[in-house]
Number of protein chains: 2
Amino acid sequence: MAYFDAASAEPLNTAARSAFLSAMEEGWADPARQYHDGRRARMLLDAARETVATVLGARPDEVVFTGSGTQAAQLGLLGTLAGRRRVGAHAVVSAVEHSSVLHAAELHEAGGGEITRTVVDRTGRVDLKALEAALRDDTAAVAVQSANHEVGTLQPVAEAAELCAARGIPLVVDAAQSVGRVAVPEGWSVLAASAHKWGGPAGVGVLVVRKGTRYVSPLPYDEREARRVPGFVNVPAIVSAAVALGAMATTSDDENRRLSLLVDKIRERVPRTVPDTEVVGDPVARLPHLVTFSCLYVDGEALLTALDRAGFAVSSGSSCTSSTLTPSHVLEAMGVLSQGNVRVSLPQGTPEAEVDRFLAVLPGIVADLRAVTSAGGAATVPAPDPAAVAGQAADEAVPADDVPALVLDTLGRRCPIPVIELARHIGDVPRDAVVAVLSDDEAARLDVPAWCDMTGNEYVGERPDEAGGMAYLVRRS
Amino acid sequence: MAYFDAASAEPLNTAARSAFLSAMEEGWADPARQYHDGRRARMLLDAARETVATVLGARPDEVVFTGSGTQAAQLGLLGTLAGRRRVGAHAVVSAVEHSSVLHAAELHEAGGGEITRTVVDRTGRVDLKALEAALRDDTAAVAVQSANHEVGTLQPVAEAAELCAARGIPLVVDAAQSVGRVAVPEGWSVLAASAHKWGGPAGVGVLVVRKGTRYVSPLPYDEREARRVPGFVNVPAIVSAAVALGAMATTSDDENRRLSLLVDKIRERVPRTVPDTEVVGDPVARLPHLVTFSCLYVDGEALLTALDRAGFAVSSGSSCTSSTLTPSHVLEAMGVLSQGNVRVSLPQGTPEAEVDRFLAVLPGIVADLRAVTSAGGAATVPAPDPAAVAGQAADEAVPADDVPALVLDTLGRRCPIPVIELARHIGDVPRDAVVAVLSDDEAARLDVPAWCDMTGNEYVGERPDEAGGMAYLVRRS
């Protein structure tokens, strides 16, 4: 099995595993107790905090350990917002933050706060102009990740920090994907990270609050972890996490260079060997170990299943792989293709041969899946009465000359069917004529325009359809 | 080293340790992923949930895993209160709940909610009449622990549940101290527990919400763990926790009987061999492995240090062992002596010889400490002008004939000095005369009346003193 999902969880580092076992023997007692076993646990905890602080460029007393990276990121945002309540209840978050940050923002909204979600460019990079424009006198906090977890694009943290500093607004940085791999740029006020992303065990997050940053815990009071994280402190896991971070921080330069070359190989090879494929994210300013691409006309879930059968563990942002049947919010914010989406994230030590095998089997797997899905077909319905459509179009501000020559009814059918039907039938209409794809699949909103981009056709727009879904209008070029 | 602090953390069970190691190999991946390693982690997680549910008498889909027992207890109370917001914002908690529950209640108060803390008797048992009287039409939840964590007294959970059920109020039970050792009585709506209290690893709590109980998560949204606990699920630790619980549940009857006899031995022997000592908590309706006693005229921190030097790890509810220099809220609610307080909680497998050695060294240790502290002395100040005191006493509703014949100024001196001075000088006044102990130590409020109980003198009352502290009045009998 080739495990290519390090962005979900990096396998436990060997030294970290040994440290975990030792600390289970020596650090299991309550570090708040004054007896021998408690003092020993406390010493291990202090040493681990010192190691983590050093790697993160922080003071030990700025670092607390949480129960997960998600908890760290959520506390980071909510605690900073609570600490600046008097300034206001407005926060700015990038649209491509990890769901843990976005969900924390939603909770803030539900409690009466206000959130501005700022746009990104097609590589997933935060738009600094939009960020600057979103800052207000009542902005209590800004959240920008260090690097995107789905497409690997590095974010302009230093520049965002300058914009925030100019207005005295704290910048909260979710650095879960980059800590241990890429140095976090200066300027943040609050930083969150997750041990199992850097080869530590599950169950350990890190929250760093710079001295001078106002922070009010949203959780019940507890004396432990600087009053920021209630509950018994999990010393063995924290010791292991610190060892893993130390190990990755000292070895990562060479290893990252090697992984980055493997990623370059994937970025170069996949579009050449798999037709109708788009590699997304910034090709240069990116995480060393992560690459994401999307394949037209392919069901993402089927692709993951086929890759799993071939011995590859990857993840996907395609709608069919999510429980809500919506495409990844990151791909959506970038405006890129979401169907047949594959994220490859290479753990430390990935052999080049595994990547080569992946590149060797992928084209056949995609071709097989395309052969299966293209065997189906949508009901092609006659074009509606032009007058009626024109009337509706006027309401929806779609020009009257966009009356479709062909309507493809794919209602009730999921990604990638709407796009497959569009590709199959676009040739049925004359050049400059419009095809309408009726769909109630959320992915179509992203994938029909993306398909137009990739194939050189013109995306006209969308409008609600009487039958319940949306009509996505495409002009044949 | 004899570790007698199982109530803080039971050492990791051997089978649970092996299971942890296996699950680190087989259950490290994200259980939400569809590839092989993810599915395997999912299966391990499902099996662990099933084991825990079976032991707790719950359905697997009622059980979620949290990052700690504290998190489980806090979510249990706050989520139930949020789920019943329409009924009201009033909650009833016993005064002897674990601090995690009390701190959650304080957060609810800070958010505009109302909390009634109900009294307990001298054994620490929840007073059901007081509990019933506290229930109101707008009571959204009641929290009663299964057993007290400091003195071991079992709480009348079944009876409390009946009172709640009669009014349709959910009962939240923090069962952290009893799960695996004593069956939890029926009738609860929400249950919280902590794996490292039953021989599992740190980092795993359990929250059980009975079907039909309204629960609204106070945390940001997350798909995992029934939307109740955000963050990556720590499968290896959860698997280990389930194995530990299964192991304890199957072996605990015999072992508990054995530990209970050892506790009986301590309860019987300590008051006989250590003068002026009070064993607290219910002698019969109690946890099998836990016993707490207090020693007059002894500094709790010094006692812990001396026991640690002699090779015994115990904890204490004495004020001098807390960072806030206040006595344990449990001892305070019970109205029992807090000085020289020692909690002994025996882990599974404690050899009887260790308990015997403890009983052998304790009398000498206490005697030595008493010899040291009695070498000091308070300033004995002349009795104040009776007229002035009488005037002040009238204001404070202390009868005028309680004008002290002797005032002991112990301002600025900590527990156990105020009580030591009282004991030393009570013989200086005639029978029926009053001694005033001036003290600004919080523990004196608890320990002066407790000393009167133990020595047969009469506690008259307290009144604020001009010098800044309190005057505690004692009539010599």
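As a reminder, the structure under discussion sits directly above these lines.
About the cut-offs
- Residues numbered from 1 in each chain as written.
- Chains lettered and ligands numbered in written order.
- Predicted model: local features only at pLDDT ≥ 70, side-chain atom pairs only at ≥ 80, totals over all residues.
- Heavy atoms only, no water.
- Core = buried A, V, L, I, M, F, W, Y, C linked by side-chain atoms within 4.5 Å.
- Buried < 20%, exposed > 50% of the residue type's maximum accessible area, 1.4 Å probe, protein only.
- Contact = heavy atoms within 4.5 Å.
- Salt bridge = Lys/Arg side-chain N within 4 Å of Asp/Glu carboxyl O.
- Helix = DSSP H or I, 4+ residues; strand = E, 2+ residues; numbered from the N terminus.
- Nonpolar A, V, L, I, M, F, W, Y, C, P; charged D, E, K, R; others polar.
- Pairing = 2+ DSSP bridges.
- Axes fitted to C-alpha atoms, helices over the stretch in contact; angles between N-to-C directions.
- Expected span 1.5 Å × (residues − 1).
- Least-squares fit on C-alpha atoms with pLDDT ≥ 70 in both.

Chemist: Which parts of the structure should I look at to understand the nonpolar core?
Modeler: The nonpolar side chains of soluble globular proteins are, as a tendency, buried together. V142, L171 and W198 of chain A together with V142, L171 and W198 of chain B are the most contacted members of the largest nonpolar core, which has 119 residues in total. Excluding residues that lie within four positions of it along the chain, V142 of chain A makes contacts with V92, L131, L135, C164, I169, P170, L171 and V172 of chain A.

Chemist: Any chance you could explain the interface of chain A and chain B here in plain terms?
Modeler: With 49 residues of chain A at the interface, the matching set in chain B holds 49 residues. On the surface where chain A and chain B come into contact, there are six salt bridges. Among the ionic pairs, R39 of chain A bridges to D308 of chain B, the shortest N-O distance being 2.7 Å. For the side of chain A that touches chain B, the secondary-structure elements that each account for two or more residues are α1 (14-26), α2 (36-56), α3 (69-83) and α4 (99-110) of chain A. At five residues, α1 of chain A tops the list of elements feeding residues into the side of chain A that touches chain B. Of the residues that constitute the side of chain A that touches chain B, the class distribution is 22 nonpolar, 15 polar and 12 charged.

Chemist: Explain the sheet that holds strand β3 (residues 90-94) of chain A here, please?
Modeler: Across a sheet, strands are paired by hydrogen bonds formed along the backbone, either parallel or antiparallel in direction. All names here are of chain A. As summarised here, the arrangement of the seven strands in space is β2-β8-β7-β6-β5-β3-β4, forming an open sheet in which the pairing is mixed. What marks the edges here is a single partner per strand, and that holds for β2 (63-66) and β4 (114-118). Along the sheet, successive strands turn relative to each other by an average axial angle of 20°, direction set aside. Summarising the sheet, strand β5 (residues 139-143) and strand β6 (residues 171-174) pair through two bridges and their orientation is parallel. The partner of V142 across the bridge, within β6, is L171. Here α4 sits on the sheet in contact with β3, β4, β5 and β6, set at roughly 145° to β4.

Chemist: I keep staring at α1 of chain A and nothing clicks. Help me out?
Modeler: Three- or four-residue spacings in an α-helix give side chains the same orientation, since the helix completes a turn every 3.6 residues. The end-to-end C-alpha distance of α1 of chain A, which contains 13 residues, comes to 19 Å, matching closely the 18 Å that a straight helix rising 1.5 Å per residue would cover. Of all the residues in α1 of chain A, the buried ones are A16, A19, F20, L21, A23 and M24 of chain A. On the buried face of α1 of chain A, the contacting elements are α7 (235-273) of chain A together with α1 (14-26) of chain B.

Chemist: Mind showing me how you'd approach the environment of R39 of chain A here?
Modeler: Along the chain, R39 of chain A turns up in helix α2. Sequence spacing of R39 of chain A and A29 of chain A is 10 residues, and the spatial spacing of their C-alpha atoms is 8.6 Å. Discounting residues that sit within four places of it in the chain, R39 of chain A has contacts with R33 and Q34 of chain A together with D308 of chain B.

Chemist: Which parts of the structure should I look at to understand the relation of the copies chain A and chain B?
Modeler: Between the two copies of the chain lies a rotation about an axis combined with a shift along it. Least-squares fitting of chain A to chain B yields an RMSD of 0.1 Å, with the transformation described by 0.0 Å of translation along the axis and a rotation of 180°. Those values place the two copies in the arrangement expected of a two-fold rotation axis. Relative to the rotation axis, the closest C-alpha in chain A is found at G67 of chain A, a distance of 2.7 Å. When the interface residues of chain A are mapped onto chain B, 100% of them again fall at the interface, so both copies present the same face.

Chemist: Help me understand the sheet that holds strand β3 (residues 90-94) of chain B, please; the structure alone is not making it clear to me.
Modeler: Residue and element names in this part refer to chain B. Strand order across the open sheet formed by seven strands is β2-β8-β7-β6-β5-β3-β4, with mixed pairing between neighbours. Lying at the two open borders of the sheet, with one neighbouring strand each, are β2 (63-66) and β4 (114-118). On average, each strand axis in the sheet is inclined to that of its neighbour by 20°, with strand direction left out of account. Of the strands in this sheet, β2, β7 (190-194) and β8 (205-209) touch helix α2 (residues 36-56), which is tilted by about 110° from β2. Packed on one face of the sheet, helix α3 (residues 69-83) meets β2, β3, β5 (139-143), β6 (171-174), β7 and β8 and runs near 165° to β7.

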